[in-house]
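# Structural description and commentary
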Amino acid sequence: MAVHATAFRSLQGQRGRPPSHRNGRWKCLKSNASFYQIDEDVLHRGARPKRIVLIRHGESEGNVDEFRYTHTADWKIGLSSKGIQQAKETGVKLRDMIGSNVPVFFYISPYKRSRLTFREIQAAFEPSRIRGVREEVRLREQDFGNFQKREEVIKAKEERHRFGRFFYRFPNGESGADVYDRVTGFRDTFLRDMEKGRFTEDTNVVICTHGITLRTFLMRWFGWTVETFEQLYNPDNCEMVIMERCKSGRYALSYESCHLLGCPHEIIQDMAWHSKASLDEQYPGPSDLLSPRDSI
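The structure displayed is predicted, hence computed values, not measured ones.

### Examining the overall build of the protein chain
What the protein chain contains, in helices and strands, is ten helices and eight strands. Of all 296 residues assigned to the protein chain, the portion counted as buried reaches 54%. Contacts spanning at least 24 positions in sequence make up 73% of the contacts within the protein chain whose residues lie at least 6 apart. Accessible surface for the protein chain amounts to roughly 14200 Å². Of this, 46% is attributable to carbon and sulfur atoms.

### Here we look at helix α6 (residues 176-195)
Look at α6: 28 Å from first C-alpha to last across 20 residues, which is about the 28 Å you get at 1.5 Å a residue. In terms of burial, α6 is largely enclosed, as 15 of its 20 residues are buried. Sitting at the amino-terminal end of α6 is serine 175, which places a side-chain oxygen 3.3 Å from the backbone nitrogen of alanine 177. Backbone geometry just after α6 places glycine 197 at a positive phi near 85°.

### Here we look at the environment of valine 104
Position of valine 104 among the secondary structure elements: in strand β4 (residues 104-108). Leave out the neighbours within four places in its chain, and valine 104 touches Ile98, Phe125, Arg129, Ile130, Arg131, Gly132, Asn204 and Val206.

### Some points on the confidence of the model for the protein chain
Summing up the model confidence of the protein chain, the mean pLDDT is 82 and the portion of residues at 70 or higher is 79%. Taken as a whole, residues 1-46 scores under 50 in pLDDT and shows 96 contacts with residues more than four places along the chain or in a different chain. In this model residues 287-296 is a low-confidence stretch, pLDDT under 50, and it forms 24 contacts with partners more than four residues away in sequence or in other chains.

The rules behind each value
- Residues numbered from 1 in each chain as written.
- Predicted model: local features only at pLDDT ≥ 70, side-chain atom pairs only at ≥ 80, totals over all residues.
- Heavy atoms only, no water.
- Helix = DSSP H or I, 4+ residues; strand = E, 2+ residues; numbered from the N terminus.
- Buried < 20%, exposed > 50% of the residue type's maximum accessible area, 1.4 Å probe, protein only.
- Contact = heavy atoms within 4.5 Å.
- Areas by Shrake-Rupley, 256 points an atom, 1.4 Å probe, with all protein chains shown as cover.
- Expected span 1.5 Å × (residues − 1).
- Polar contact = N/O pair within 3.5 Å; in protein donor to acceptor, adjacent residues only side chain to side chain.
- pLDDT = per-residue confidence, 0-100.

In structure tokens, the structure reads:
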């Protein structure tokens, strides 16, 4: 199935047409600039997806053998046999979690390993359930350079560890901050899609992407600091990081997802509060919100 970076299409090849309505306006909550809220009249129409599921691609050929990057372009690296099986299993887990009769919309990185992960995941769903697929170039992997010399990459990663993962720029490549900038552009597009009525309130949006791209998306969405980003780590291949829509219309990471990422306790507290708060409640700050034994 062909997917295009510039247009939404259903599996039947029809361009998606959002229902007509007055444009909503996004507001940044001053009590916590990390959470975004749409005008109440848009919220009541269910313009926000039920959940957002971020999935790192399955185990790649490059994860198994780093020498692959020395002669194969990063964007052409496929999945290992284990990675294909992981993606199949994740598709079944995703279907069992969200239900087989709910609509699903996919955003995917154009890199081969992400597209192959999507291919196996979508096979778990009836075609009528998949409301659209968008290949989104801004969800690609961090650029580490072109054909990579293994010794130079190892040295650069050692330097990154000393310098800081977010601001370190690979020679002829990108820094984490560069990834953050383009992910911000994707997030803005995603918010406009919500505002335009692209999704129904029972839609599950699935984002197939890469480890650092996934983490910078969350960093941008929730307004986390660079220091917080530096504490996080990639989920394992094909693990699902789940953002649930709360009764306020905001989103919160599941308790399990927080632990997959290694989130500090303050983030877990933050998510616990937002998962239960109503729209008009004022965020009191992270202290005294969650005991160590509580869960979201």
